[in-house]
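Read off the chains here:
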Amino acid sequence: MSSVLLTDARLAGGDGSAVDITVIDGVVTAIVPAGRAGSAMPATTPADRIALDGRWVLPGLWDEHVHFTQWASVSRRLDVSAAASAAETAALVGDALRRAASRPAGAPSELGEPGAPELLIGYGFRDALWPDTPSAALLNAVSGAHPVVLVSGDLHCCWLNTAALERFGQAGHPDGVLREEPAFAVHRALDDVPVATSDAWAREASQAAAARGVVGIVDLEMAWNHEVWSRRLAAGHDLLRVEFGVYPQHLDRAIAEGLHTGDPLDAAALVRVGPSKIITDGSLNTRTAFCFDEYPGLEGRPESRGLLTVHPDDLLELLRRGSAGGLTPAVHAIGDHANALTLDAFEALRAERPADAPAPRRRSTLEHAQLLAESDFERFARLGVVASVQPEHAMDDRDVADRFWAGRTGRSFALASLLAAGAELALGSDAPVAPLDPWVTLAAAVGRTRDGREPWHPEQRIPVGAALAASARGRTGVAVGDPADLVAVDLDPFDAAPDALRTMPVALTLLSGRVTHSAL
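Please read all numbers here as calculations on a predicted model, not as lab measurements.

A. Main features of the overall build of the protein chain. When helices and strands are tallied, the protein chain shows 16 helices and 21 strands. By its C-alpha atoms, the protein chain is 75 × 65 × 50 Å across when sized along the principal axes. When each of the 520 residues of the protein chain is scored for burial, the buried share is 57%. Look at the contacts in the protein chain between residues 6 or more apart in sequence, and 71% of them connect residues 24 or more apart. Carbon and sulfur atoms make up 54% of the accessible area of the protein chain, which amounts to about 19,800 Å² in all. Taking the 45 positively charged and 68 negatively charged side chains of the protein chain as two groups, their mean positions are separated by 1 Å.

Written as structure tokens, this is what we have:
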């Protein structure tokens, strides 16, 4: 039997009274006034008692949408996120190459990654509002024959110089800017680093996530994640609960191997099979999100309304196959037309399901739902589809949305409208697109502001209680009988301003009663 006693705690959103919380075998078994744990707690050693000194306890937090290996890699790449133009980005690349050429022998390099040390990889550019245009020629001027790959902040675009285009099978590309599937192919190649290296990075990323109160993630990396997480489990990765996605290219394999959403890979059920992930359109920053209206400046072009990457008939067939195979769908849709088509497919799938069919283990999710038609909000609740949303994207994209979705931003990133329509929300980051930090996510959902700016569409702010529930799988507080996935913080989030939420100090994280982070 394992036991932990959290003393002198306060329950987030409660009346402020101090309590002791007893945890036995990973379950909260008692919550009593401070100092009265007594008979509720078996004999303990001092190590089993953790003094919280009045800190606030709440359910452990989930990030419902991450690309974990990419997130773990980002800190090793050249950060170009601050660049305000293509020319400025190219200058950052040139500076990095000059620093690399002049560094002493044996000194660490900021360039490349194990397995490809001669390749410069950058991350974070957002070109939607740039005054100039990215091109291979612009990068060639500062890099010469040194291969350069820059990954956009939304992951849907890669910018390569000529040497990198040749390396990644895109020789002769007209401008070096790859979008959607060609960009994703580059992502997959970049992720092909030595296993020991990528798993060490993942371990560090797990530690950092636990330090922010994270107890679980939905990993939607574009890989055969069953193998990845089986390997990490065997190597002792035990800091997070993980549900991993299955992409269409792996769907037949997953079905053949009998993988079902919710199935555990280990006795402790730390890692489970997650959803069947399908991407139906692009993104706002890359101007490939599929919309009813044309993008300003692209009028009359074939791509003027974005890009639909899966035909509606093919989407419905993927939903059928995955669902029949026991895999619950998670569908990426960002533009309003893509969202409408996705909801149509969910509606058709629901109509086909026999009335006596057992309920799926996990509700279907529509990932992102950034721009919605007014008539589509109510369909989420009616169809039982969860809106898996990333509030920090609204802070990153507000200016881009004002430019390219002008007149429609009242129904973009519309969390309050979704809640009012009865939809269930699940909050995430889409890391590395936004940080894997639930407090950043919560702050954006509650405040709709960052960097001292006025709130953007403040009518779409949601209450902190709703945001916490959407970050904790519906848990609204800590109660007897709950799994002891808990976090202790220095402030009551129900009383904290958005800026304070964004930087919330996390003192302790427990996963099934086991300490995964402590700053005490």
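B. Representation of the pattern of salt bridges in the model. Inspection of the entire model under this criterion finds 36 salt bridges. Of the charged contacts, one joins Asp252 and Arg321 as a salt bridge, the two residues approaching to 2.4 Å between their closest N and O atoms. Within this pair, whereas Asp252 is found in helix α8 (residues 251-256), its partner Arg321 is found in helix α9 (residues 312-324), the two being separated by 69 residues in sequence. For Asp252, a relative accessible area of 51% gives the class exposed. Relative accessible area serves as the criterion here: at 29%, Arg321 is assigned to the partly exposed category. Linking Glu257 and Arg253 is a salt bridge whose minimum nitrogen-to-oxygen distance equals 3.1 Å.

C. Geometry of the environment of Ser512. Relative to the helices and strands, Ser512 resides in the loop between β20 (506-511) and β21 (514-518). A residue is classified by how much of its surface remains accessible, and Ser512, at 35% relative accessible area, is partly exposed. With near-sequence residues (within four places) excluded, Ser512 lies in contact with Gly26, Arg241, Ala484 and Asp485.

D. Representation of the sheet that holds strand β18 (residues 425-427). Within the open sheet, the 8 strands sit side by side as β6-β12-β13-β14-β15-β16-β17-β18. Their pairing is parallel. Both outer strands of the open sheet, β6 (61-66) and β18, are each paired with one neighbouring strand and no more. Within this sheet the neighbouring strands show an average axis-to-axis angle of 25°, counted without direction. Across the face of the sheet, α9 comes into contact with β14 (271-279) and β15 (329-333) while running at roughly 155° to β15.

E. Just helix α7 (residues 225-234), in detail. Among the residues making up α7, those that are buried are Asn225, His226, Val228, Trp229, Arg232 and Leu233. The buried residues of α7 occupy one face: seen down the axis, they fall within an arc of 165°. Among the residues trailing α7, Gly236 stands out with phi positive, at a value near 95°.

F. Spotlight on the packing of helix α14 (residues 438-447) against helix α15 (residues 464-471). In the contact formed by α14 and α15, the axes pass within 9 Å of each other and the chain directions differ by 145°. Relative to α15, the crossing made by α14 is right-handed. Across the interface between the two elements, Leu442, Ala445 and Val446 from α14 touch Val464, Ala467, Leu468 and Ser471 from α15.

G. Inspection of the packing of aromatic side chains at higher detail. Applying the stated criterion to the full structure yields 7 aromatic pairs. Seen in terms of ring centroids, Phe68 and Trp229 are 5.8 Å apart; in terms of plane orientation they differ by 45°. Their pairing is tilted. Of this pair, Phe68 sits in helix α1 (residues 68-74) while Trp229 sits in helix α7, and the two are 161 residues apart along the sequence. With respect to class, Phe68 is no different from Trp229; both count as buried. The ring of Trp229 carries Arg232 above its face, with NZ or CZ at 4.7 Å from the centroid. The ring of Trp62 has Arg473 sitting right over it, with the charged end atom 3.7 Å from the ring centre.

H. A look at the sheet that holds strand β11 (residues 177-179). Here 5 strands make up an open sheet; going across it, the order is β7-β8-β9-β10-β11 and the pairing mixed. Only two strands of the sheet have a single neighbouring strand rather than two, namely β7 (78-79) and β11. Examined bridge by bridge, strand β8 (residues 120-125) and strand β9 (residues 148-152) share 5 bridges and lie parallel to one another. Bridging from a neighbouring strand, Phe125 pairs with Ser152 of β9. Sitting on the sheet, helix α5 (residues 181-190) is in contact with β8, β9, β10 (157-160) and β11, with an inclination near 100° to β11.

I. Structural detail: the packing of helix α2 (residues 86-102) against helix α3 (residues 136-143). Axis separation between α2 and α3 bottoms out at 8 Å; the angle between their running directions is 30°. Relative to α3, α2 is oriented roughly parallel. Where α2 crosses over α3, the handedness of that crossing is right-handed. Every residue of α3 that contacts α2 at Ala86, Ala87, Ala90, Val93, Gly94 and Leu97 is listed here: Leu138, Leu139, Val142 and Ser143.

J. Molecular detail of the pairing of β10. Taking every second residue as pointing to the same face, both faces of β10 are buried, with Cys157 and Trp159 on one and Cys158 and Leu160 on the other. Sheet topology note: the β9/β10 ladder contains 3 bridges and is antiparallel. Across the sheet, Val149 pairs through a bridge with Leu160, a residue of β10. Hairpin connection from β9 to β10: 4 residues lie between these consecutive antiparallel strands, with Leu155 at a positive phi of about 75°. Judged from the 3 bridges that link them, β10 and β11 form a sheet pairing that is antiparallel. What sits directly across from Trp159, in β11, is Val177.

K. How the structure looks around the nonpolar core. Ranked by internal contacts, the top residues of the largest apolar core, which has 82 residues, are Phe68, Phe380, Leu418 and Trp439. Element by element, the count of residues in this core is highest for helix α10 (residues 336-352), at 6 residues. Once residues lying within four places of it in the same chain are set aside, the contact partners of Phe68 are Ala202, Ala205, Ser206, Ile217, Asp219, Glu221, Trp229, Arg232, Leu240 and Leu436.

L. Focus on the pairing of strand β5 (residues 56-59). In this sheet, β5 lies alongside strand β1 (residues 3-11) in parallel orientation, the contact comprising 2 bridges. What sits directly across from Leu11, in β5, is Val57. Pairing geometry for β5 and strand β19 (residues 486-489), over 4 bridges, is antiparallel. Pairing of Leu58 across the sheet is with Val487, part of β19.

M. Here's a closer look at helix α6 (residues 195-210). Between its first and last C-alpha, α6 extends 22 Å over 16 residues, near the 22 Å set by a 1.5 Å rise per residue. Within α6, burial applies to Thr197, Ser198, Asp199, Trp201, Ala202, Ala205, Ser206, Ala209 and Ala210. Check the buried side of α6 and you find it contacts α1, β12 (214-219), α7, β20 and β21.

Basis of the calculations
- Residues numbered from 1 in each chain as written.
- Predicted model: local features only at pLDDT ≥ 70, side-chain atom pairs only at ≥ 80, totals over all residues.
- Heavy atoms only, no water.
- Helix = DSSP H or I, 4+ residues; strand = E, 2+ residues; numbered from the N terminus.
- Buried < 20%, exposed > 50% of the residue type's maximum accessible area, 1.4 Å probe, protein only.
- Contact = heavy atoms within 4.5 Å.
- Areas by Shrake-Rupley, 256 points an atom, 1.4 Å probe, with all protein chains shown as cover.
- Lys, Arg positive; Asp, Glu negative; His and termini not counted.
- Charge placed at Lys NZ, Arg CZ, Asp CG, Glu CD.
- Salt bridge = Lys/Arg side-chain N within 4 Å of Asp/Glu carboxyl O.
- Pairing = 2+ DSSP bridges.
- Axes fitted to C-alpha atoms, helices over the stretch in contact; angles between N-to-C directions.
- Arc of directions from axis to C-beta.
- Left-handed = near helix turned anticlockwise from the far one by under 90°.
- Phe/Tyr/Trp six-rings, centres within 6.5 Å; stacked < 30°, edge-to-face > 60°.
- Lys NZ or Arg CZ within 6 Å of the ring centre and 35° of its normal.
- Parallel < 35°, antiparallel > 145°, perpendicular 65-115°, else oblique.
- Core = buried A, V, L, I, M, F, W, Y, C linked by side-chain atoms within 4.5 Å.
- Expected span 1.5 Å × (residues − 1).

Interpretation in functional terms is not warranted from these geometric data alone.
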